[in-house]
Amino acid sequence: VQLQASGGGLVQAGGSLRLSCTASGRTFSTYSLGWFRQAPGKEREFVAGINWIIANTYYQDSVKGRFTISRDNAKNTLYLQMNSLKPEDTAVYYCAAEFKGTSWSRVSPADFGSWGRGTQVTVSS
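Caption draft 1: Spatial organisation of the nonpolar core. Among the nonpolar cores identified, the biggest contains 29 residues, and Trp35, Leu80, Met82 and Tyr93 are the most heavily contacted of them. When contributions to this core are tallied by element, the ones reaching two or more residues are β1 (3-6), β3 (17-23), β4 (33-38), β5 (45-50), β7 (67-72), β8 (77-82), β9 (91-99) and β11 (119-124). Discounting residues that sit within four places of it in the chain, Tyr93 has contacts with Leu19, Phe36, Arg37, Val47, Phe67, Leu80, Met82, Gly118, Thr119 and Val121. In terms of nonpolar packing, the next biggest core, distinct from the first, is built from 7 residues, Phe36, Ala96, Val107 and Phe112 among them.

Okay, here's the thing in structure tokens:
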């Protein structure tokens, strides 16, 4: 599956952004999906994930209550609504598909088979 993320930008602390990730392929609804981010000099880290079967959602502790992941299978699109943004949320955000991991409690980039190009999110203080 091919993925394309969009929606990044520059926002002040406390503001909101909604990222979108459009996927190609007719089997989008059967993929578990996720968002990752990578700040300069840091490793890529898991942000949020959504299961393909019953749409359970999973979040990194630092974004719980602020970010919401969702999907629209009819539009082949994954979303990440980000509210109450903080400067430490600044990073390049990536969407990923084809989760192959065994647990959502400890997700790594190696657990996903397909990646989109990232979109930059910058939060100013």
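On we go.
Caption draft 2: Quick look at the sheet that holds β3. Strands sit in the order β1-β3-β8-β7 across an open sheet of 4 strands; the sheet is antiparallel. One side of each edge strand has no neighbouring strand; the edge strands of this open sheet are β1 and β7. On average, each strand axis in the sheet is tilted by 15° relative to the strand beside it, whichever way the strands run. Sheet topology places β3 next to β8; 6 bridges connect them, and they run antiparallel. Pairing of Arg18 across the sheet is with Gln81, part of β8.

Rules used throughout
Residues numbered from 1 in each chain as written. Predicted model: local features only at pLDDT ≥ 70, side-chain atom pairs only at ≥ 80, totals over all residues. Heavy atoms only, no water. Core = buried A, V, L, I, M, F, W, Y, C linked by side-chain atoms within 4.5 Å. Buried < 20%, exposed > 50% of the residue type's maximum accessible area, 1.4 Å probe, protein only. Helix = DSSP H or I, 4+ residues; strand = E, 2+ residues; numbered from the N terminus. Contact = heavy atoms within 4.5 Å. Pairing = 2+ DSSP bridges. Axes fitted to C-alpha atoms, helices over the stretch in contact; angles between N-to-C directions.

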